[in-house]
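This is what each chain is made of:
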Amino acid sequence: MDYSNLRRQAASMKKSLFDQGYLDEQFCQVEDLQDEASPNFAEEVVTLFFKDSARLISNIEQALEKYPKDFNKWDAYMQQLKGSCSSIGASRMKSECMSFRDYCGQGNVEGCMKSFQKVKREHGVLRQKLESYFQLLQQAGPTGAATRPAM
Amino acid sequence: MASKKQGSATRALVVEDIKVDCVILLRMLRKLNCEATVAHNGKEAVDLFLEGKTFDIVFFDKDMPLMTGPEAVTKIRSMGATDVKMVGVSADYGGMEAFMRAGADMFVPKPMKLETLDSMLQEVIGKKNTSG
């Protein structure tokens, strides 16, 4: 297997995720925490993020239905999701979370609903892309961690 | 990088309910040779102090169930824990005022950078070495 080619592909995939705004510098900070003792730390954190964020999204979905126009409650849930997005560098998701919170501040139900759909969409897209990225890294082998993209 | 002095690793308490944030901060602390303990909300943190546990530095998230970060800071300071360095951490910049009013030593916006954490720990280590 051409491991160097796989590593190049992983690096290219990662650069693309940054160029398209899916990820920001914070993702590199998480990857930098990997070492020999914790070689898969970034993947573990991302897995944890998607598990947690799925739960938070479900909570928000229920709150939108059960607590109509309770913007404070909606905002509180979304604040948690936004925080998690920041922590792993999920930049586009974070932006959509912020839009949702802005709409909460304006008391704009329609805006909140549309924005929430965007949050869910970004969540799904990012999950797919990062799953592909980490699969590629695993195939590339132990030294397969992509380099920091030039920004 | 903050270094470990034999027999005197910096003892950190992380008070955080969001798992992802907790895991990342714990990893940073362990990378910087700290002993880290976790509390999942302000009440658990207060309980640790009530049990007589001591720490060199405590990191508080702001919004948590049962007891918020600023509430926990106020409570722990009122218990006489005036020496321990208390750091408020939040993605919400509005949290700074709440934390400082409660008696925190500083506020750091999330996500925290490793370099920021390292310099805070250097300060704590320096203070420990000076006091002996």
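Only a predicted model underlies this, so the values are computations on that prediction, with no experimental measurement involved.

(A) Local environment of the overall build of chain B. Scanning chain B for helices and strands turns up five helices and five strands. Listing the helices and strands of chain B from first to last along the sequence gives β-α-β-α-β-α-β-α-β-α. Its C-alpha radius of gyration of 13 Å places chain B within 12% of the 14 Å reference for a compact globule of 132 residues. Each of the 132 residues in chain B was classed as buried or not, and the buried ones make up 52%. Pairs at least 24 apart in sequence give 67% of the contacts found in chain B among residues at least 6 apart. Carbon and sulfur atoms provide 53% of the accessible area of chain B, an area that totals close to 6,200 Å². Both charge centroids of chain B, one from 18 positive and one from 18 negative side chains, sit 5 Å from each other.

(B) Local environment of the interface of chain A and chain B. Counting from both sides, the interface comprises 21 residues of chain A and, opposite them, 16 residues of chain B. Across the interface of chain A and chain B, roughly 1,700 Å² is buried in total on both sides, 59% from carbon and sulfur atoms. The largest contributions to the chain A side of the interface with chain B come from Gln29(A), Leu33(A) and Leu48(A), which together make up 30% of the buried area. For the pair chain A and chain B, the interface holds four residue pairs in polar contact (both at pLDDT 80 or more).

(C) Summary view of helix α3 (residues 69-78) of chain B. All names here are of chain B. Restricting attention to buried positions, one finds in α3 the residues Gly69, Pro70, Ala72, Val73, Ile76 and Arg77. When α3 is viewed along its axis, its buried side chains cluster within an angular range of 160 degrees and face the same direction. Taken together, the buried residues of α3 touch α2 (42-50), β3 (57-61), β4 (85-90) and α4 (95-102). Following α3 by one or two positions, Gly80 has its phi on the positive side, about 100 degrees.

(D) Structural context of empty space enclosed by the protein. Residues and elements named next belong to chain B. Throughout the structure, instances matching the rule amount to one cavity of 30 Å³ or more. Within this model, the largest cavity holds a volume of roughly 170 Å³. What lines the largest cavity is a set of 17 residues, and nearest its centre among them are Asp21, Leu25, Val89, Lys110 and Met112. Counting only elements with at least two residues in the lining of the largest cavity, the list comes to β1 (11-15), α1 (19-31) and β3. For the lining of the largest cavity, the residue count by class is eleven nonpolar, two polar and four charged.

(E) Quick look at the UniProt feature "domain: Response regulatory" (unreviewed entry) in chain B. Cross-referencing UniProt, the feature "domain: Response regulatory" (unreviewed entry) maps to residues 11-125 of chain B in the present numbering. Helix makes up 45% of residues 11-125 of chain B and strand 22%, whereas the separation of the span's terminal C-alpha atoms amounts to 10 Å.

(F) Summary view of the layout of surface pockets. All names here are of chain B. Taken as a whole, the largest pocket encloses approximately 400 Å³ of empty space. Residue lining of the largest pocket: 18 residues in total, with Phe55, Asp56, Asp83, Val84 and Lys85 positioned closest to the centre. In terms of residue count, helix α5 (residues 114-131) provides more of the lining of the largest pocket than any other element does, five residues in total. Residue composition of the lining of the largest pocket, by class: five nonpolar, three polar and ten charged.

(G) Expanded view of the UniProt feature "domain: HPt" (unreviewed entry) in chain A. Under the UniProt annotation, "domain: HPt" (unreviewed entry) lies at residues 38-140 of chain A. Between the end C-alpha atoms of residues 38-140 of chain A there is a gap of 17 Å, over a span that is 89% helix and 0% strand.

(H) Looking closely at the pattern of salt bridges. Scanning all chains against the criterion turns up 20 salt bridges over all chains. Here Arg127(A) and Glu131(A) are joined by a salt bridge, their closest N and O atoms 3.8 Å apart. Residue Arg127(A) and its partner Glu131(A) are both found in helix α6 (residues 109-140); the two are separated by four residues, about one turn of the helix. We classify Arg127(A) as partly exposed; its relative accessible area is 32%. Judged by its relative accessible area of 48%, Glu131(A) is partly exposed. The shortest N-O distance in the salt bridge between Glu51(B) and Lys53(B) comes to 3.3 Å. Since its relative accessible area comes to 54%, Glu51(B) is described here as exposed. Taking relative accessible area as the criterion, Lys53(B) reaches 41% and is therefore assigned partly exposed. Via salt bridges that share partners, Glu16(B), Asp21(B), Asp61(B) and Lys110(B) belong to a single interconnected network.

Quick notes on the rules
Residues numbered from 1 in each chain as written. Chains lettered and ligands numbered in written order. Predicted model: local features only at pLDDT ≥ 70, side-chain atom pairs only at ≥ 80, totals over all residues. Heavy atoms only, no water. Helix = DSSP H or I, 4+ residues; strand = E, 2+ residues; numbered from the N terminus. Rg over C-alpha atoms; globule rule 2.2 N^0.38 Å. Buried < 20%, exposed > 50% of the residue type's maximum accessible area, 1.4 Å probe, protein only. Contact = heavy atoms within 4.5 Å. Areas by Shrake-Rupley, 256 points an atom, 1.4 Å probe, with all protein chains shown as cover. Lys, Arg positive; Asp, Glu negative; His and termini not counted. Charge placed at Lys NZ, Arg CZ, Asp CG, Glu CD. Buried area = accessible area lost by both parts, 1.4 Å probe. Polar contact = N/O pair within 3.5 Å; in protein donor to acceptor, adjacent residues only side chain to side chain. Arc of directions from axis to C-beta. 1 Å grid on protein atoms, 1.4 Å probe; cavity = no way out; pocket = protein on both sides within 12 Å on 5 of 7 lines; lining within 4 Å. Points joined across faces, edges and corners; volume = space filled by probe spheres on them. Nonpolar A, V, L, I, M, F, W, Y, C, P; charged D, E, K, R; others polar. UniProt positions renumbered as here; feature names shortened; annotations may be inferred. Salt bridge = Lys/Arg side-chain N within 4 Å of Asp/Glu carboxyl O.

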